Amino acid sequence: MTSSKLIAFWIIGGLLLLFGSWIMHNLQIGPGVSELQYTFALLLALVLFLLAGLAWISVAAATRQA
């Protein structure tokens, strides 16, 4: 991978982590939020965390091979 792609994946991973943590911070069951919506938001945050980890792992692996 080129250096610009590595930096892009690193930034994308950071943004995914930011969005996942923002969802988790604001996640609460209350008026107007059903358990289904709560579960969906929880799963969405988990997927964002996993994608951020995958992006950072790919950057680390590409940097190690270079």
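For the structure, check the block above.
Owing to the predicted nature of the structure, the values given are computational and were not obtained by experimental measurement. (Residues numbered from 1 in each chain as written. Predicted model: local features only at pLDDT ≥ 70, side-chain atom pairs only at ≥ 80, totals over all residues. Heavy atoms only, no water.)

K.L.:
Hey, could you go over the packing of helix H1 (residues 3-26) against helix H2 (residues 35-65) for me, with residue numbers and the actual values?
P.N.:
Axis separation between H1 and H2 bottoms out at 8 Å; the angle between their running directions is 155 degrees. The angle between H1 and H2 falls in the class roughly antiparallel. Of the two elements, H1 crosses H2, and the hand of that crossing is left-handed. The residue makeup of the contact of H1 with H2, split by class, is 20 nonpolar, six polar and no charged. (Axes fitted to C-alpha atoms, helices over the stretch in contact; angles between N-to-C directions. Helix = DSSP H or I, 4+ residues; strand = E, 2+ residues; numbered from the N terminus. Parallel < 35°, antiparallel > 145°, perpendicular 65-115°, else oblique. Left-handed = near helix turned anticlockwise from the far one by under 90°. Nonpolar A, V, L, I, M, F, W, Y, C, P; charged D, E, K, R; others polar.)

K.L.:
Describe in detail the nonpolar core, supporting the description with residues and values.
P.N.:
The nonpolar side chains of soluble globular proteins are, as a tendency, buried together. Listed in full, the seven residues of the largest apolar core are Leu16, Ile23, Leu27, Ala41, Ala45, Leu48 and Ala52. Contributions of two or more residues to this core are made by H1 and H2. With four residues, H2 is the single largest residue contributor to this core. Setting aside its immediate chain neighbours within four residues, Ile23 contacts Ala41, Leu44, Ala45 and Leu48. (Core = buried A, V, L, I, M, F, W, Y, C linked by side-chain atoms within 4.5 Å. Buried < 20%, exposed > 50% of the residue type's maximum accessible area, 1.4 Å probe, protein only. Contact = heavy atoms within 4.5 Å.)

K.L.:
Any chance you could break down a nonpolar patch on the surface for me, citing the residues and the numbers?
P.N.:
A grouping of Ile7, Trp10, Ile11, Leu15, Leu18, Phe19 and Trp56 is seen on the molecular surface, where their side chains present a nonpolar patch of about 710 Å² in accessible area. Looking at which element gives the most residues to the nonpolar patch, the answer is H1, with six residues. As for its position among the elements, Trp56 is in helix H2. For Trp56, a relative accessible area of 36% translates into the label partly exposed. (Patch = residues over 30% accessible without salt bridge, like charges linked within 9 Å, V, L, I, M, F, W, Y side chains within 5 Å. Areas by Shrake-Rupley, 256 points an atom, 1.4 Å probe, with all protein chains shown as cover. Salt bridge = Lys/Arg side-chain N within 4 Å of Asp/Glu carboxyl O.)

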